[in-house]
Every structure is written in structure tokens, then in C-alpha cells.
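In case you want the letters, here they are:
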Amino acid sequence: MDKPIRSANEAAEQIVRWSDEQNISICFDKAGKMKSCPIGSSGACCSNCHVGPCRLIGSNAEEEATGVCGASLPSIVARNFLRKVVSGTAAHSDHARDMAFTLLAVATGEAKDFRIADEHKLFKMADILEINHQGRDVMEVAKDVATTLIDDFGRQRGEINYLKRAPQKTQERWKKWGVIPRGVDREVCEGMHRTHMGVDHDPDNLLLNAVKVALADGWAGSMISTDISDVLFGTPHPMRGKAGFGMFKDDEVNIVVHGHEPTLAEMIVLMADDPEMQEYARSKGAAGINLGGMCCTANEILMRHGIPTAGGFTNQELAILTGKVDAMTVDVQCIMPALVKLSERFHTKVVTTSDKAKFTGATHVGYEEHRAAEIAKEIIKLAVDNFPNRKKNGYTATDQQDLVAGFSQEYIEYMQGGRMRASFRPLNDAIQVGRIRGVVGLAGCDNPRVPAQGLHRYLAKEFIKSDVLVVSTGCGSHACQAAGYMTPEMALEHAGPGLKEVCEAIGIPPILPLGSCVDNSRILTILTAMAAEGGLSEEIGGMPGVGIAPEWMSEKALAIGTYFAASGVPVIFGGESPVGASNEVTRIMSETWYERFKGAFHFEPDPEKIFDMALKYIDAARDALKLKK
Ligand code: NFS
């Protein structure tokens, strides 16, 4: 029997089919063989104490079923959800903490290989944090900024600094509902405590805590990561790039940098051009060193250096199957443990670089920021040394798509008015008069349980056809890039007449990649700037915008969805609902949150329904704002 399509990315699908022929089991094949557990996936399994796991099933489970301790289905479902949001927040925020410490190490001269690439952005941060920078040494300012932001992690009382960046009305909603986060670590800790056996059992109270924890992600962890990455490596501006497995070269050393933290990846990018490294590559018979990115690291180095991307989450094993990757460096998050075993069939060296994330059987080169260049060179050398071991036993893929990446808030403002009059006026005007119907954030992972990347492709195309501007992040961007959607030509061919006109006038593609998943925080600050510009909603809530993660799979995605909902953006996630077992929890997240925050969190597996629901939200917001149709 013919197997179904497993990746909507044609090149990826060919590699998947080749892996079948070779009897190599990868995530697509495993997902087909192992169905997800219907009890756990809907949130109805409690494994928080060892009396259980308790599975709350049955026709009247919502009202009647309890765990051995008496925990009801709604409280178990809410508790499971909160715990996932805590984990997602911890992931983004631990990444952010490392960025803040790197900034501090740069400021104090301990991380000598890095520099301040964007002083202007540093000063903007200093202004927000009320740190004087006039006439001061840049490194002194950087030190104060880093120290102030580091306080956001460990603060026990008070408020996270960046919350004050949100529109006043949005902040008032948070105050009213008691969800202002104090410090990231305190919220993460309290969330874990509340979900321990026998603590918080009120679903609404648990979910309000999920909101509080997630706000610490969006307005601290993620936003701090984005800002510091811009300061250290440069605020992105559009540049051309390429996506696809065709980036791997036969005659060069191919290195894939996979994961999330941009620091070491940046240094590898810089060191790959070092004459000593180039010479070393030639000494081993290679014509040069060829870098590619994977997952969010790919977004980081694509938008700042134009380094080609080999794709997102479901592409990672496929890259190894090409047999052309001499080394794949991995740091933290979204890295399949399967990579190590798979790499043994080929010659690829999987190099772990974070002491937080070791994989049995991988080569570990622990990253330290004060020896960044040296470590980057060590890794490059390791890849070069492995080049002669290439076996030519992989699948040769040739796909490559052109793309434009690197849209930051700063650049979007600049392109709408130049250096002197940078603003969101033209975009707000276009929305007001209906040339642009609304904005959709297409974010989140790709997933082997659906034709991977296919839901992103479908939705991106349908939205732009309907004059909805799409901004994308994370693996949502990878899906659109591999499809060839990230070019200005895409607007000419597929955008509706209003959006097309705007894209032509400003010279942008109809789908704007904003970066990695922590860069979803750029959407928060863009929406805030649009609110401040006037003519639309004066808070984030009520804007004709929706967030969508049609193929999400990670806990980070749930934290992101929750902070968007809490900030006022209706959010629709694909796949089966992780809170689907409880009507009450589903109602609180979709209806109560909408009343309180003007954002909502829905789960809807059907992409056509996702599309319709998003347009309904957009049109309802337009009606409420009395905008032209
Ligand atoms: Ni986001 Fe980056 Fe991709 Fe999903 Fe993973 S790479 S942080 S979690 S899989 S979008």
C-alpha cells in the first residue's frame, strides 16, 4: 500500500521515501507506528504523584471522575496545562538568562570575542529601563542594562521590567486579574509548587497562574533574548538567503548549527571565514567551509548573516540522511535524541555544546562564552577532520528556494517612513481603509503527525489571498521559506489586491519572517507600537490580529500561545487539544480569557476551520473598531 504524504515539503518527502527504502526509521515512520495516547494528549492523565498515574475517562468524567486523591478532571487538565507552560517559560527564560550573562561578560571584558553590534538598540533598552546613557561609556551602559535584566529572573517582589512596555490598558487588565509576574524564576517555581500533588485545585486559579507565568516568558524571557541578541549581533534588516537541502556541497565541509542560543552559532559563522580555518579545510581536501542553520538557530543566523537554512524541526533527521553533513552542532531545545543513532549510519558527528544538554554517544564540546572563538574553531576543525570520512551513502537533494528574511520592528518602522519619520502610520492606515484586512502571526513548530509544513503552507497562502498580512517566526518561517513563499514575487502572484498594493508600494513580501521563536516578542512590541500610533485599538486586545500555530508540538509553543492570549491576541493552535478532556478548562481559555484579556486560546485540528475562525476574529475586531470593509 502506498504510504501517505508525510512532509508537504516535496524535497523532504523524497528523503522520507528514500529512508523507507533503506529501512531507516525516522520520526515520520515512528509517528505512524506509535499513535499518541488519547488520554494523556487531552490532558486527562495525572502523573504528579505515585498513587497514580490516574486516568480520568468515561462519559461523565467532567462531573464525576476523580483521581484517587479526589482531584477532578478540570483541575487535573488545568494543572497539566500550567505545568507545560511553566516548562516552556523555563526554556525561553533560561536561554534569556544566558544571553543576559553574555552581555554582562562582554561589558566587563570577560567575553572578548564579542562586541556591541547595535549601540542604538542598547540605548533604547537603557531608556526603557530608565538607565542614563548620555555621555557614558557604552560598556558601562551595557553592564547596567545586563544587571538590571538579570534582576528580572531572580526578583522576589515587584514587577518584571519590560511589562511597562505594553499599552497602559493592557497593563491595567493584568493588574485587575492579579497576573503581573514578579520575577521569572519565582513564577516558574510557584507554578511547579502549585501543580505538586495536593496544592492548587481550582481550574480558573491554575489557569490564571499559567497566564502569569507565560507573561514572564513573553515580556521577559523571550523579549530579553531578542533585545540582547540584537545588541550583540545586530538588529536584523532584510537580506536575501536560500532554503533547502540543496545547500549542502559535495566539495566543502558542511556544518549545520542546530538549536536555539545564537551565541556560539554567531561565533562559528565568524570563524568559518577565518583564513586559518579555510586553510585547514583545504589541507583536508575541501574547497571551503559551508554553514547551514536548523530550527531557531537557523533563523538567527539567516536574518543576520544570510546563512542558508536547512529547515525546521522535522528536517533535522533528513539533513543527516543526505550523508553530506560533516558535523551538526546542537545546543538546547527541539533537538531529537534520535540524531545520534542516526548519525552512526552516516559519518556525521553530532556535537553537543551545552553542558545542560548532553546526548549519550555524541561528541561534547562545552561552550564557554569567554573562550567563544577558540571553541568555535575547535568545532570547525572537528568537522573538517571528519570531511574525508564522507561515505557518499546518503540521499542527494538539490532543492533550494530564494527568500528574503530579517524583518525586525525597527526595520518595519524604517521602511514605512525612512530614518526621520519611522512609524507605523502607513500600516495602520492600510488596515483602517481595508487594504490590509488584518495581521496573522504564523508561528510554531512543524509536526510529523500531519503532512509536515503543509498546514503552514495552506494557511499562509489562504491568508495572503484574503488580504491578511502574515508575519512568521520559528518553524513557521521555515515552512514558508521551503515553499518559496518568502519573496516579493509571492505578493504579485498570490496576494489579494489590497495586500498586493501595499507590498508593492513598500517593497515587502506578503509574509514577513520576524526571526526565531523568542522573536515572537517582536510581535508584542509591534502590536504595542501599532496601538500607540492610533487609529486602531489603543491596547493590544481588539486589534484585527490572530496568532496561529497549526503544527505546534513543544511546551514552549503553549507558553507563547498563553502570553499572546493574555496580552490580547486570540490564538488558534492546530492538532488535538491538550485541554480537550475538560469542557470547563476549554471554556475558561476560550471565553473567560477573552472577556478578561481580549485574547483567547483555541485548539482546532482542521486547517479550514482555523482559517475561518481567524477571519471571524479579524472581522469582528474590524467591526468593533468601525473600520471600512
Ligand atoms: Ni519554536 Fe525553535 Fe521549531 Fe517549534 Fe522548536 S525550533 S523555539 S519550538 S520546533 S517552532
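1. Observations concerning the confidence of the model for the chain
(1) Moving on: Overall, the predicted model of the chain reaches an average pLDDT of 96, with 99% of residues at or above 70.
(2) Moving on: For this predicted complex, the interface confidence reaches an ipTM of 0.94, while the overall pTM sits at 0.97.

2. Notes on the coordination of the nickel atom of the ligand
For a metal bound by four donors in a tetrahedral arrangement, the ideal donor-metal-donor angle is 109.5 degrees, while six donors in an octahedral arrangement ideally sit at 90 or 180 degrees.
(1) Moving on: Looking at the nickel atom of the ligand, one finds just one donor atom contributed by the protein, Cys517 (SG), at 2.3 Å.
(2) Moving on: Structurally, Cys517 is set in the loop between strand 12 (511-515) and helix 23 (520-533).

3. Some thoughts on helix 6 (residues 119-128)
(1) Moving on: Turning to helix 6, its buried residues are Lys121, Leu122, Phe123, Met125, Ala126 and Ile128.
(2) Moving on: Of the surrounding elements, those touching the buried residues of helix 6 are helix 7 (138-154), helix 10 (203-233), helix 17 (409-415) and helix 23.
(3) Moving on: Capping the start of helix 6 is the job of one residue whose side-chain oxygen sits 3.1 Å from the backbone nitrogen of His120: Asp118.
(4) Moving on: Immediately beyond the C-terminal end of helix 6, within one or two residues, lies Glu130, with a positive phi of roughly 55 degrees.

4. Notes on the sheet that holds strand 7 (residues 349-352)
(1) Moving on: Strand order in the open sheet formed by 5 strands is 5-4-6-7-8, with parallel pairing between adjacent strands. Across the chains shown, the open sheet's two edge strands, defined by having one partner strand only, are strand 5 (289-294) and strand 8 (363-364).
(2) Moving on: Inspection of the sheet shows strand 6 (residues 327-330) paired to strand 7 by 4 bridges, in the parallel sense. The partner of Val330 across the bridge, within strand 7, is Thr352.

5. Some thoughts on the site of the ligand
(1) Moving on: His260, Cys295, Cys296, Phe313, Cys334, Gly444, Cys445, Cys475, Cys517, Met553, Ser554 and Lys556 make up every residue found near the ligand.
(2) Moving on: Residue composition of the shell around the ligand, by class: 8 nonpolar, 3 polar and 1 charged.

6. Focus: the domain arrangement of the chain
(1) Moving on: Along its sequence, the chain is carved into domain 1 (10-64), domain 2 (73-233), domain 3 (245-389) and domain 4 (404-624).
(2) Moving on: Once you take the C-alpha centre of each, domain 2 and domain 4 turn out to be 23 Å apart.
(3) Moving on: Taken together, the contact pairs 40 residues of domain 2 with 36 residues of domain 4.
(4) Moving on: Summing both partners gives a buried area of about 3400 Å² for domain 2 against domain 4, and 68% of it is carried by carbon and sulfur.
(5) Moving on: The interface formed by domain 2 and domain 4 contains 6 salt bridges.
(6) Moving on: Of the charged contacts, one joins Glu539 and Arg173 as a salt bridge, the two residues approaching to 2.7 Å between their closest N and O atoms.

7. Remarks on the nonpolar core
(1) Moving on: Counting residues in hydrophobic clusters, the biggest one holds 180 residues, and the most contacted among them are Phe81, Val145, Phe463, Ile548 and Trp593.
(2) Moving on: Sort the elements by how many residues they give to this core and helix 10 lands first, with 17 residues.
(3) Moving on: Aside from chain neighbours lying at most four places away, what touches Phe81 is Leu207, Ala210, Leu558, Thr562, Val579, Met589, Trp593 and Phe601.
(4) Moving on: Counting residues in hydrophobic clusters, the runner-up holds 39 residues, among them Ala11, Phe313, Cys334 and Cys475.

8. Some details on the packing of helix 10 against helix 24 (residues 555-567)
(1) Moving on: Look at helix 10 against helix 24: their axes get within 8 Å of each other, and the N-to-C directions meet at 95 degrees. One way to sum up the angle between helix 10 and helix 24 is to call them roughly perpendicular. Between helix 10, through Ala210, Val211, Ala214, Leu215, Asp217, Gly218, Trp219 and Ser222, and helix 24, the contact on the second element is made entirely by Ala559, Ile560, Thr562, Tyr563, Ala566 and Ser567.
(2) Moving on: Considering only residue class, the contact of helix 10 with helix 24 consists of 9 nonpolar, 4 polar and 1 charged.

9. Thoughts on the packing of aromatic side chains
(1) Moving on: Per the counting criterion, the structure on display carries 14 aromatic pairs.
(2) Moving on: Ring centres of Trp174 and Trp219 lie 5.6 Å apart, and the angle between their planes is 65 degrees; on these two criteria the pair is classed as edge-to-face. Pair noted here: Trp174 is in helix 8 (residues 168-176) and Trp219 is in helix 10, with a separation of 45 residues, a long-range link. Note on accessibility: Trp174 and Trp219 belong to one class, buried.
(3) Moving on: On the basis of an interplanar angle of 20 degrees and a centroid distance of 4.8 Å, the ring pair of Phe601 and Phe603 is categorised as stacked. A single burial state applies to Phe601 and to Phe603, both of which are buried.
(4) Moving on: Pairwise contacts between aromatic rings join Phe81, Trp552, Phe573, Phe601 and Phe603 into one cluster.
(5) Moving on: Taking NZ or CZ as reference, Arg165 lies 4.5 Å from the ring centre of Tyr162, over its face.
(6) Moving on: Cation over ring: Arg596 sits above Trp177, and NZ or CZ is 4.3 Å from the ring centre.

10. Brief notes about the pattern of salt bridges
(1) Moving on: Applying the stated rule across the entire model yields 43 salt bridges.
(2) Moving on: The residue Asp98 makes a salt bridge to Lys356 at a minimum N-O spacing of 2.8 Å. Within this pair, whereas Asp98 is found in helix 5 (residues 73-107), its partner Lys356 is found in the loop between strand 7 and strand 8, the two being separated by 258 residues in sequence.
(3) Moving on: Taking the relative accessible area as the measure of exposure, Asp98 reaches 25% and is therefore partly exposed.
(4) Moving on: Judged by its relative accessible area of 48%, Lys356 falls in the partly exposed class.
(5) Moving on: Between Asp227 and Lys121 there is a salt bridge; the shortest N-O distance is 3.4 Å.

11. Side note on the side chain of Ser343
(1) Moving on: Along the polypeptide, Ser343 turns up in helix 15 (residues 338-345).
(2) Moving on: Other than its neighbours up to four places away in sequence, Ser343 contacts Ile320, Thr348 and Val350.

Criteria and thresholds
- Residues numbered from 1 in each chain as written.
- Predicted model: local features only at pLDDT ≥ 70, side-chain atom pairs only at ≥ 80, totals over all residues.
- Heavy atoms only, no water.
- pLDDT = per-residue confidence, 0-100.
- Donors = N, O, S within 2.8 Å, 3.2 Å for Na, K, Ca; no water.
- Helix = DSSP H or I, 4+ residues; strand = E, 2+ residues; numbered from the N terminus.
- Buried < 20%, exposed > 50% of the residue type's maximum accessible area, 1.4 Å probe, protein only.
- Contact = heavy atoms within 4.5 Å.
- Polar contact = N/O pair within 3.5 Å; in protein donor to acceptor, adjacent residues only side chain to side chain.
- Pairing = 2+ DSSP bridges.
- Near = heavy atom within 4 Å.
- Nonpolar A, V, L, I, M, F, W, Y, C, P; charged D, E, K, R; others polar.
- Domains from an automatic or database assignment.
- Buried area = accessible area lost by both parts, 1.4 Å probe.
- Salt bridge = Lys/Arg side-chain N within 4 Å of Asp/Glu carboxyl O.
- Core = buried A, V, L, I, M, F, W, Y, C linked by side-chain atoms within 4.5 Å.
- Axes fitted to C-alpha atoms, helices over the stretch in contact; angles between N-to-C directions.
- Parallel < 35°, antiparallel > 145°, perpendicular 65-115°, else oblique.
- Phe/Tyr/Trp six-rings, centres within 6.5 Å; stacked < 30°, edge-to-face > 60°.
- Lys NZ or Arg CZ within 6 Å of the ring centre and 35° of its normal.

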